[in-house]
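Spelled out, the chains give:
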Amino acid sequence: MRFKSLSELKRPELREISLASLPQNVTMARYAREKAFKINELVRTVYDDSLEWYGFTLGSKGNPELITDIGLPRNDLNLQTYTTLSSEKIAEFKESLPDDVIINGWIHSHGALMYKQFSHTDEKNHLVVLDFVAASLRRPVAKREVVIKDLIFLVKDQFVEEDLTAGSVCLITDAPVTVATIMETIYGSFCYAIVIGDEGWHEQQIHYKENGVLSGHTAVSAKAADILLVDSGRVLTRLDISELRDEVEGKIQPNTNPPVETMERM
Ligand SMILES: [Zn+2]
């Protein structure tokens, strides 16, 4: 028996060209970071207790990768749904935002807990947020070759209906063709996830999703990411803080008698 050379045995590498990249770091305006920790502080001041809360990181349509602000939705602390961030909740909050503002992730606090990392519950929430924001953040990131087994070539006006039953895909061209490379657009999207604590610590992840338009290929992935702070020119004023205090009073609802399942949340 004759062995094929190694190059023949090796699966040919699929052609791919990169069109754009997704963020590798979490870029955040200092204002937004300051606001997040201010919410933590206000929660402690208003409720005399360290409560967990969640919010959304916001950007603009023109610069979706930069977190410019933190949006605080009404938190349902006394409901089990608090642990499971639902797309309905996100949609409801998105409705309240100006047209050019987009949600690019979510942020939550572990308060005074010494659990300085994302929990299993958080993992589920990442995917809910990613699913929701993916549509507004998606962009073509690559063109990737699609291998079609049993690709059948047919020439326009020169085949009968029965010819279409063969193969997995039929490529009908106006001139005879024997070789074709098919490349599909891969769309990519991302969402940020940030968890903070009363002591000033924070952890970040970026979650990614990609899908191929033709193959239907989808993949999700995540990585821990550094935070890059930038000056956006905006500062947290006394008026901002006073308004934020009102928001904290209106939207964060302390639960004095939590059911067991919310006690377990992180
Ligand atoms: Zn958590």
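Residues numbered from 1 in each chain as written. Predicted model: local features only at pLDDT ≥ 70, side-chain atom pairs only at ≥ 80, totals over all residues. Heavy atoms only, no water.

Asker: I keep staring at the overall build of the chain and nothing clicks. Help me out?
Answerer: Per the secondary structure count, the chain includes six helices and 13 strands. Element-wise, carbon and sulfur atoms account for 51% of the exposed surface of the chain, whose accessible area totals about 15400 Å². (Helix = DSSP H or I, 4+ residues; strand = E, 2+ residues; numbered from the N terminus. Areas by Shrake-Rupley, 256 points an atom, 1.4 Å probe, with all protein chains shown as cover.)

Asker: I'm lost on the packing of aromatic side chains in this one. Help?
Answerer: Aromatic ring pairs are described here by two measures, namely the spacing of the ring centres and the angle between the planes. A full pass over the atoms with the stated rule returns three aromatic pairs. Between Y54 and F56, the ring centres sit 5.9 Å apart and the planes meet at 80°, which makes this aromatic pair edge-to-face. With respect to burial, Y54 and F56 carry one shared label: buried. Cluster of aromatic residues (ring-pair linked, three or more members): Y54, F56 and F93. The side chain of R138 reaches across the aromatic face of Y187, ending 3.8 Å from its centre. (Phe/Tyr/Trp six-rings, centres within 6.5 Å; stacked < 30°, edge-to-face > 60°. Buried < 20%, exposed > 50% of the residue type's maximum accessible area, 1.4 Å probe, protein only. Lys NZ or Arg CZ within 6 Å of the ring centre and 35° of its normal.)

Asker: For this particular structure, what's the right way to read helix α5 (residues 238-251)?
Answerer: Note that an α-helix has 3.6 residues per turn; residues three or four places apart therefore point the same way. Spanning 14 residues, α5 covers 20 Å between terminal C-alpha atoms, matching the ideal 20 Å at 1.5 Å per step. Residues of α5 that are buried: D240, L244 and V248. Relative to the axis of α5, the buried residues are bounded by an arc of 75° and lie together on one face. Across from the buried face of α5, at angles greater than 90 degrees, the exposed residues are R238 and L239. At its buried positions, α5 is contacted by α2 (30-47). (Expected span 1.5 Å × (residues − 1). Arc of directions from axis to C-beta. Contact = heavy atoms within 4.5 Å.)

Asker: When you look at the packing of α2 against α5 in this model, what are you seeing that I'm missing?
Answerer: Geometry of a packed helix pair, given as the angle between the helix axes and the separation of the axes. One can describe the packing of α2 onto α5 by two numbers: an axis separation of 9 Å at closest approach and a directional angle of 55°. Judged on the interaxial angle alone, α5 and α2 are oblique. Here the hand of the crossing between α2 and α5 comes out right-handed. The segment α2 lies against α5, with Y31, K35, K38, I39, L42, V43, T45, V46 and Y47 engaging D240, I241, L244, R245, V248 and E249. (Axes fitted to C-alpha atoms, helices over the stretch in contact; angles between N-to-C directions. Parallel < 35°, antiparallel > 145°, perpendicular 65-115°, else oblique. Left-handed = near helix turned anticlockwise from the far one by under 90°.)

Asker: Looking at this model, I keep getting lost on the pattern of salt bridges. Mind explaining?
Answerer: Oppositely charged side chains can pair when the atoms bearing their charge come close. Taken as a whole and judged by the stated rule, the model has twelve salt bridges. E41 is the partner of K38 in a salt bridge, and the nearest nitrogen-oxygen pair spans 3.2 Å. With K38 and E41 both in helix α2 and three residues apart, the pair spans about one turn of that helix. The network of salt bridges with common partners includes E16, R144 and E210. (Salt bridge = Lys/Arg side-chain N within 4 Å of Asp/Glu carboxyl O.)

Asker: Help me understand unusual backbone geometry, please; the structure alone is not making it clear to me.
Answerer: A negative phi angle characterises most non-glycine residues, just as the trans form characterises most peptide bonds. A positive phi angle is found at D48, which is not glycine, with a value near 55°. Assignment of secondary structure puts D48 in the loop between α2 and β3 (54-60). We note that D150 has phi near 60°; this positive angle belongs to a residue other than glycine. Mapped onto the secondary structure, D150 falls in the loop between β7 (139-146) and β8 (151-155).

Asker: Just to check I follow, could you spell out empty space enclosed by the protein for this structure?
Answerer: Where empty space is left can be seen by rolling a probe of water-molecule size over the atoms. One pass over the full model with this rule turns up two cavities of 30 Å³ or more. As a volume, the second largest cavity reaches approximately 40 Å³. Around the second largest cavity, the lining residues are M28, R33, A36, F37, I107, I194, I196, H202 and I227. Here the element with the most residues in the lining of the second largest cavity is α2; it accounts for three residues. (1 Å grid on protein atoms, 1.4 Å probe; cavity = no way out; pocket = protein on both sides within 12 Å on 5 of 7 lines; lining within 4 Å. Points joined across faces, edges and corners; volume = space filled by probe spheres on them.)

Asker: I tried to follow the environment of L85 on my own but got confused; where do I start?
Answerer: Secondary-structure assignment places L85 in the loop between β5 (69-71) and α3 (87-95). Taking relative accessible area as the criterion, L85 reaches 3% and is therefore assigned buried. In sequence terms L85 and Y54 are 31 residues apart; their C-alpha atoms lie 9.4 Å from each other. Residues within four places of L85 in sequence aside, it is in contact with Y54, F56, W106, N125, V128 and V129.

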